[in-house]
Amino acid sequence: MARNMTLLWGSGSPPCWRVMIALEEKKLQGYNSRLLSFDKEEHKSQEVFSINPRGQVPSFKHGDIIVNESYATCFYLESQFKSQGTKLIPESTEELALMYQRMFEGLTFYDKLTAVIFYEYYVPDGERLDSALKRHKDALTSELKLWEEYLHNLGSGSNLAGKSFTLADVVIFPTVATLFRFGLSEKRYPKLAEYYALLRERPSIKASWPPHWLENTKGQDTLKDV
């Protein structure tokens, strides 16, 4: 079933990781997996552009159907394979509403993260300002406090929408993992650290863990003071 699926992806990319977790949860192993190098700019190759005119990954194809945006791909996989693997959309109205809420808040969460950790990549050398980077870090700090409160209110051992592992966890866990990869303090953000520890051993997450993170377990300290 998965043999007519192709995923072009890059190691350590949270959007790519979202799709890979979803594929694992839906028991769709055995798809055509193409790991591309960001350093070599392989995501700008003709192979990618033939599927994704934006020249971005993840790029996903199922037969003749192309679904490239990571959230869209995750929704597509759950819709097409509802009865297979983990049910990622809860039946409870309360959990369903919270799942959708957290999923789309997760886009803002990810944007605020990348504004800090990729500041030097996005902003040319002559345009960088310490004051601008501080604003981005302050914005991320405020965002982190929100997610700490969300998890605190749900109680220990909870997923993002309640007891069930849902699409909210599929799309947001990679952001949380990236935070700690870049040096976020577990002591300063204990609820996020608890959530990270809860899910990092989940089979779908272990199976899709970024290869270069496995090769080099030491991360960076970009977020140590956030």
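As a reminder, the structure under discussion sits directly above these lines.
Summarised in this report is the structure supplied together with it. (Residues numbered from 1 in each chain as written. Predicted model: local features only at pLDDT ≥ 70, side-chain atom pairs only at ≥ 80, totals over all residues. Heavy atoms only, no water.)

## Notes on the overall build of the chain
When helices and strands are tallied, the chain shows 10 helices and four strands. Of the regular secondary structure in the chain, the N- to C-terminal order runs β-α-β-α-β-β-α-α-α-α-α-α-α-α. A compact globule built from 226 residues would reach a C-alpha radius of gyration of about 17 Å, and the chain, at 18 Å, matches this within 12%. Out of the 226 residues in the chain, the part that is buried amounts to 49%. Summarising the internal contacts of the chain: among those between residues at least 6 apart in sequence, 72% fall at separations of at least 24. Of the accessible surface of the chain, which amounts to about 11,800 Å², a share of 49% is contributed by carbon and sulfur atoms. Side chains of the chain carry 28 positive and 29 negative charges; the gap between the two charge centres is 2 Å. (Helix = DSSP H or I, 4+ residues; strand = E, 2+ residues; numbered from the N terminus. Rg over C-alpha atoms; globule rule 2.2 N^0.38 Å. Buried < 20%, exposed > 50% of the residue type's maximum accessible area, 1.4 Å probe, protein only. Contact = heavy atoms within 4.5 Å. Areas by Shrake-Rupley, 256 points an atom, 1.4 Å probe, with all protein chains shown as cover. Lys, Arg positive; Asp, Glu negative; His and termini not counted. Charge placed at Lys NZ, Arg CZ, Asp CG, Glu CD.)

## Here's the deal with the pairing of strand β1 (residues 5-10)
Burial within β1 is extensive, with five of its six residues counted as buried. Bridging between β1 and strand β3 (residues 59-62) involves four bridges; their strand directions are antiparallel. Within β3, the position partnered with Thr6 by the bridge is Lys61. Relative to strand β2 (residues 32-36), β1 runs parallel, the two sharing five bridges. Of the residues in β2, the one forming a bridge with Leu8 is Arg34. Following the chain from β1 across helix α1 (residues 14-25) to the adjacent parallel β2, one finds a crossover that is right-handed. (Pairing = 2+ DSSP bridges. Right-handed = clockwise from strand over helix to strand, strands pointing away.)

## Quick word on the packing of aromatic side chains
Inspection of the entire model under this criterion finds 13 aromatic pairs. Between the aromatic rings of Phe118 and Phe182, the centroid separation amounts to 6.4 Å while the plane-to-plane angle is 85°, which identifies the pairing as edge-to-face. Here Phe118 is found in the loop between α4 (93-117) and α5 (119-122), whereas its partner Phe182 is found in the loop between α7 (167-181) and α8 (190-199), with 64 residues between them in sequence. Take Phe118: its relative accessible area is 29%, and that puts it in the partly exposed class. Centre to centre, the rings of Phe180 and Tyr196 are 5.1 Å apart; their planes meet at 25°, and the pair counts as stacked. With a gap of 16 residues between them, Phe180 in helix α7 and Tyr196 in helix α8 connect regions that are remote in the sequence. Residue Phe180 is classed as buried on the basis of its relative accessible area, which comes to 12%. (Phe/Tyr/Trp six-rings, centres within 6.5 Å; stacked < 30°, edge-to-face > 60°.)

## Points about α8
Those residues of α8 that sit buried are Leu192, Ala193, Tyr195, Tyr196 and Leu199. Within α8, the buried residues cover an arc of 160° as seen down the axis, which keeps them to one side. In this fold, the buried residues of α8 make contact with α6 (130-154), α7 and α9 (203-207). (Arc of directions from axis to C-beta.)

## Considerations on the pattern of salt bridges
Overall, the coordinates contain 11 salt bridges when judged by the stated rule. The salt bridge involving Asp221 is made with Lys224; its shortest N-O contact spans 3.8 Å. For Lys224, a relative accessible area of 45% translates into the label partly exposed. What emerges from the salt-bridge pattern is a single network uniting Arg200, Glu201 and Lys206. (Salt bridge = Lys/Arg side-chain N within 4 Å of Asp/Glu carboxyl O.)

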